[in-house]
Structure formats: C-alpha cells, structure tokens
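# An overview of the molecular structure
This is what each chain is made of:
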Amino acid sequence: MSPSQRWQDMFGTVEDGTRMNLASTDPGAGPGASGSGNLKHSDGPWTSASGTAGAVRTSTETSRSALGPGHEGVSSGAAGLSALAALTAVRRSWEDRLASVRDECEALQGTLLAVAKEMGETDASVKSSLASIDAKPGEEKR
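Treat the numbers as computed from the prediction; the structure is a model and nothing was measured.

## As for the side chain of S50
Locating S50 in the fold gives a position in helix α2 (residues 44–70). When sequence neighbours within four positions are dropped, the list of residues in contact with S50 reads Q109, L112 and L113.

## Some remarks on the packing of aromatic side chains
If you walk through the whole model with that rule in mind, you get zero aromatic pairs. Here R97 stacks its cationic end above the ring of W94, 5.0 Å away from the centre of that ring.

## A few points about the environment of Q109
With respect to the helices and strands, the residue Q109 is situated in helix α4 (residues 83–131). The partly exposed category is assigned to Q109, whose relative accessible area is 28%. Sequence-wise, Q109 and T47 are 62 residues apart; in three dimensions their C-alpha atoms are separated by 8.8 Å. Setting aside its immediate chain neighbours within four residues, Q109 contacts S50, A53 and G54.

## Considerations on the confidence of the model for the protein
Looking at the protein, pLDDT values average 76 and 63% of them are 70 or higher. Mean pLDDT across the elements of the protein bottoms out in helix α1 (residues 3–11) (69) and peaks in α2 (90).

## Things to note about α2
The end-to-end C-alpha distance of α2 is 39 Å, a good match for the 39 Å that 27 residues give at a rise of 1.5 Å each. Buried within α2 are the following residues: S50, A53, G54, T60 and E61.

## Describing the pattern of salt bridges
Taken as a whole, this structure holds five salt bridges when the rule is applied. For E95, the salt bridge goes to R91, with nearest N and O atoms at 3.4 Å. Remark: R91 and E95 occur in helix α4; sequence separation between them is four residues, near one turn of the helix. Judged by its relative accessible area of 18%, E95 falls in the buried class. Residue R91 is classed as partly exposed on the basis of its relative accessible area, which comes to 21%. Through salt bridges that share partners, E61, R64, R102 and D103 make up one connected network.

So, how was this worked out
All chains use their own residue numbering, which begins from 1 and follows the written sequence. Under the rules for a predicted model, residues below a pLDDT of 70 receive no local features and side-chain atom pairs below 80 are neither given nor counted, while totals for whole chains, interfaces and linings still include all residues. Side-chain calculation: all heavy atoms of the structure are included, whereas hydrogens and water are not. Only DSSP runs of H or I covering at least 4 residues are called helices, and only runs of E covering at least 2 are called strands; the numbering of each starts at the N terminus. Whether two residues are in contact is decided by their heavy atoms, any of which lying within 4.5 Å being enough. Only Phe, Tyr and Trp rings are paired, with Trp represented by its six-membered ring, and only when their centres lie within 6.5 Å; those with planes under 30 degrees apart are stacked, over 60 edge-to-face, the remainder tilted. Comment: the charge-over-ring label is applied if NZ (Lys) or CZ (Arg) is within 6 Å of the ring centre and within 35 degrees of the ring normal. Relative accessible area decides the class of each residue, using a 1.4 Å probe on protein chains only: under 20% of the type maximum gives buried, over 50% gives exposed, and in between gives partly exposed. As a per-residue measure, pLDDT tells how confident the predictor is, with possible values from 0 to 100. Here, expected helix span is obtained from the residue count minus one, scaled by 1.5 Å. Counted as salt bridges are all cases of a side-chain nitrogen of Lys or Arg within 4 Å of a carboxyl oxygen of Asp or Glu.

Right under this line is the structure:
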C-alpha cells in the first residue's frame, strides 16, 4: 500500500470534506477545546514572557551579588576547618550557575521581544496584502 493510499484510508480524501485542524483551531475538538476554527496570534504572550525573563534575570543577579557579602568573614572564622575549601567551592559554583541563568534570561528577554515584534509585523503585512485581494463576486472587499 502506498503512503498516499494509506493516508487516504486513515484521513479520507479532499472530495469527502475530510480535513485536519490543529486542536486549538478546531471548534469541535472535544473537551477543553476552545478554538474558533481560525488560528489567531497575539504578541501578548511573547511580550509577557520577555518581561518574566527580565524579572528572573534581575532577581537572579540580586541573589548572585548577595552571595559574596553573605560569606564575608567565613574565611577568618572557619580558618583551619576542612569545610572551608568546600564552602568556598560551593559558593563559587552557585555564583557561576546564577550568572549563567542571568545571562540566559537576558538573551531570552531580547529574543522574545524580537519574536513579538516580528509576529506583529508579519500579521500587519499579511493583513495589508490580503486587503488588496478582490472579494468574491457579490461580496465587499474587507
């Protein structure tokens, strides 16, 4: 059986009106479905995610920068203890990890804002280009 025949057996043909939809766009998809039949885009989630990445970046840097002052005096107070080297290594390890998280969030913030901008510009461009298409006979242009 050819892949095309297998596809037609599973999903039907164009002639019988069978088609596939994303679950989020199918109004009859079942429980939890909220689609209207049209996939719509909004830059709100991208902008919001960008803001969250910025907030995580800021709080991570605040925490990272507090580690040093929080360990002041440990060296002199724990002199001679074998745990001093381990404590120092753990602190440095956390400073490095938090710096990595901070840097990743900073990169994400800019990337997510760029996606929001790009998607918004794409939507406007598509809307503008579709506005020039003639309507079907008897219908008005949109």
